[in-house]
Amino acid sequence: MKQHQIAAALAAFLLSGLLMGCGGDQEPATTGEPTAGAVVDQPTKPPPVVAANTAAPPAGDGQSENNDAPAGDAPALPTAIPTEAPTEAPPTEIPTDTPVPTAVPPTAAPVVVQPTAAPPTATAVPPTPVPQVGANGLIASNFAIQDRAELTPNGSIWFEFNVANQTGSDVSYNAIGVMPRKGGVDRPEWYQQSYGGPDSIIKPGGLQWEDRIRLPEIGDYTLRLVVCFDGFDACLQQRGTWHSLSPEVPVSIR
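A brief look at the structure comes next. Keep in mind the model is a prediction, meaning the values are calculated, not measured. (Residues numbered from 1 in each chain as written. Predicted model: local features only at pLDDT ≥ 70, side-chain atom pairs only at ≥ 80, totals over all residues. Heavy atoms only, no water.)

Side note on unusual backbone geometry
The cut-off we apply is this: Counting from the N terminus, the helices are DSSP H or I runs at least four residues long and the strands are E runs at least two residues long.
With a phi angle near 55°, N136 is a residue other than glycine that sits in the positive phi range. With respect to the element layout, N136 can be found in the loop between α1 (2-24) and β1 (138-145). With a phi angle near 60°, Q238 is a residue other than glycine that sits in the positive phi range. Tracing the backbone through its elements, the reader meets Q238 in the loop between α2 (232-236) and β10 (243-244).

Right, dumping it as structure tokens:
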């Protein structure tokens, strides 16, 4: 930029000197008419005008290699100052009194401790009640398994019994026999009828007899002597009541 300003000033200086030189060479004009034979001066052509190059240098030239040349007294050309467009300031946030929600940590759910179930206690099995012995003055004075008994499935299990009459008079009955029991339960389907009938009686002297019973299944049993007073048919059809005349005798069928 400085170099161009110097060049423009130098061009203006040369132009002014040229103009001054052209004006000094003219002679003063004479008055009156020209004489004959006199040479009439031709009008002088105006000197060429040298225009100063005031155009701004192309962008990107910057300072040239002649930056060290003296600046002289040439006036500096005005430099255009770029005007920046005002930038709109961002709006200022106005503080508010609205509280900012604070995240509340979740409350741990209470742990419910289940009560520990007590281990089940073994239920005591009540013992099988011992049948009462004797009915209507009758009781077995003897009931036993004989030695010849075959303790096998469907084997002949021989037994003997004595029934005493404690009343001193005749006692009517309908059935006397042996009732097997297995697992604490009477098995009337295997009952063995030994003595009796529709109009049977036991005299005061009692009754003595022997018989046999067959059991089809292996296992542990008890046998006892029983009596029924509810009619012969009802007793044999297991619709009557059986009364024990003796304690239970255990047997095992193998």
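Picking up where we left off.
Thoughts on the side chain of D211
Defined as follows: For every residue, the accessible area obtained with a 1.4 Å probe (protein chains only) is divided by the maximum for its type, and the residue is called buried under 20%, exposed over 50%, and partly exposed between those limits. Under the counting rule used here, the positive set is Lys and Arg, the negative set is Asp and Glu, and His together with the chain ends is not counted. A carboxyl oxygen of Asp or Glu within 4 Å of a side-chain nitrogen of Lys or Arg is what we treat as a salt bridge. Here a polar contact is recorded for every N or O atom pair within 3.5 Å, except that within protein the pair must consist of a potential hydrogen donor and a potential acceptor, and residues adjacent in sequence are included only if both atoms are side-chain atoms.
Checked against the element boundaries, D211 lands in strand β8 (residues 207-213). Here D211 occupies a buried position and makes no salt bridge, while the nearest side chain of opposite charge, R212, is found at 5.6 Å. A distance of 2.9 Å separates polar atoms of two side chains, one belonging to D211 and the other to S194.

Considering the environment of I213
Which entries qualify depends on this criterion: The contact criterion used throughout is that any non-hydrogen atoms of two residues lie within 4.5 Å.
With respect to the helices and strands, I213 occurs in strand β8. In this structure, the C-alpha to C-alpha distance between I213 and A149, residues 64 residues apart in sequence, is 9.3 Å. What I213 contacts, discounting residues up to four positions off in sequence, is G155, S156, I157, F159, V178, P180, W190, Q192 and L223.

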